[in-house]
Amino acid sequence: MTNSGATTLTNVTVTDPLLDGANGTLTGGPIATLAPGATDTTTFSGSYTIQQSDIDAQSVSNQATATGTTPDGDDVSDLSDDNSNLENDQTDTDLPDDSDILLLKESTFNDENGDGFAQLGETISYSFTVTNTGATTLTDITITDPLLWRLTAALLAAYREPCTWSGGHDDL
Ligand SMILES: [Ca+2]
Ligand SMILES: [Ca+2]
Ligand SMILES: [Ca+2]
């Protein structure tokens with residue numbers, strides 16, 4: 001925070017929609033008096049707790065506003081910038097990507113006539129458990145399985161249910 005004008009400013013405050021919100025804190029101030037050319041780097045500080053939407057976006061952007069009162073009683077203000085006193089850019093924080101997925105495929109042989117052996121026409125049931133092991137929200141999750149496509153084709157011809165899908169649907 002710098003007073004870039006020629007007059008002394010009083011009652012200097014900072015507002016920030018992100019840090020003033022439910023997941024942020026903005027502490028310090030107001031600065032009672034800021035002389036011409038003076039810079040204050042210690043009075044105001046803030047923090048923000050990142051949300052799932054931020055992790056998914058892999059970035060947090062926001063901007064603060066400083067306001068001070070001139071000797072005439074007027075207010076002057078400036079939108080914050082990330083690296084220059086002459087600009088008004090949002091401050092961006094990149095969040096590292098942490099996306100990953102795991103698939104578990106389990107099987108059960110269905111000894112449908114109960115004789116302890118496998119015969120033609122008996123089936124195997126498969127279940128799939130999909131887990132999001134990363135930190136981001138995943139969408140449009142699909143499973144491909146060349147064996148089950150073959151089974152589906154072969155057994156649909158015989159009007160039989162080729163396999164069952166169970167488990168993991170909550171993760172899908
Ligand atoms: Ca800038
Ligand atoms: Ca600015
Ligand atoms: Ca059997």
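On a predicted model such as this, the values are computed, not experimentally measured, just so you know.

Quick notes on the rules
- Residues numbered from 1 in each chain as written.
- Chains lettered and ligands numbered in written order.
- Predicted model: local features only at pLDDT ≥ 70, side-chain atom pairs only at ≥ 80, totals over all residues.
- Helix = DSSP H or I, 4+ residues; strand = E, 2+ residues; numbered from the N terminus.
- Buried ≥ 20, exposed ≤ 12 C-beta atoms within 10 Å, placed from the backbone.
- Contact = placed C-beta atoms within 7 Å.
- Pairing = 2+ DSSP bridges.
- Core = buried A, V, L, I, M, F, W, Y, C linked by C-beta atoms within 7 Å.
- Axes fitted to C-alpha atoms, helices over the stretch in contact; angles between N-to-C directions.

Bringing the overall build of the protein chain into the picture now. If you tally the helices and strands in the protein chain, you get 2 helices and 10 strands. Starting at the N terminus, the α and β elements of the protein chain follow one another as β-β-β-β-α-β-β-β-β-β-β-α. In the protein chain, which comprises 172 residues, the proportion classed as buried is 8%. Intrachain contacts of the protein chain at a sequence separation of at least 6 include 57% that bridge at least 24 residues.

Two faces make up the sheet, and in a regular strand the side chains alternate between them. For strand β1 (residues 9-15) and strand β3 (residues 31-34), the ladder comprises 3 bridges, and the chain directions are antiparallel. In the strand pairing of β3, Leu9 is matched with Leu34. Pairing of β1 with strand β6 (residues 65-69) involves 4 bridges; the strand directions are antiparallel. For Thr13, the partnering residue across the bridge sits in β6 and is Thr67.

Let us look at the nonpolar core. Nonpolar side chains in soluble globular proteins tend to be buried together. Counting 9 residues, the largest nonpolar core consists of Met1, Leu9, Val12, Val14, Ile31, Leu34, Phe44, Ala64 and Ala66. Elements supplying a minimum of two residues to this core: β1 and β3. Of all the elements, β1 adds the most residues to this core, at 3 residues. Those residues in contact with Leu9 that lie beyond four places of it in its chain are Asn3, Leu34, Gly68, Thr69, Thr70 and Val76.

Ordered by their spatial adjacency, 4 strands build an open sheet running β3-β1-β6-β7, and the pairing between neighbours is antiparallel. Looking at strand neighbours, the two that pair on one side only are β3 and β7 (75-79), the edges of this open sheet. Between one strand and the next, the sheet's axes are offset by a mean angle of 30°, whatever the strand orientation.

So far we have only geometry, and geometry alone does not tell us how the molecule works.
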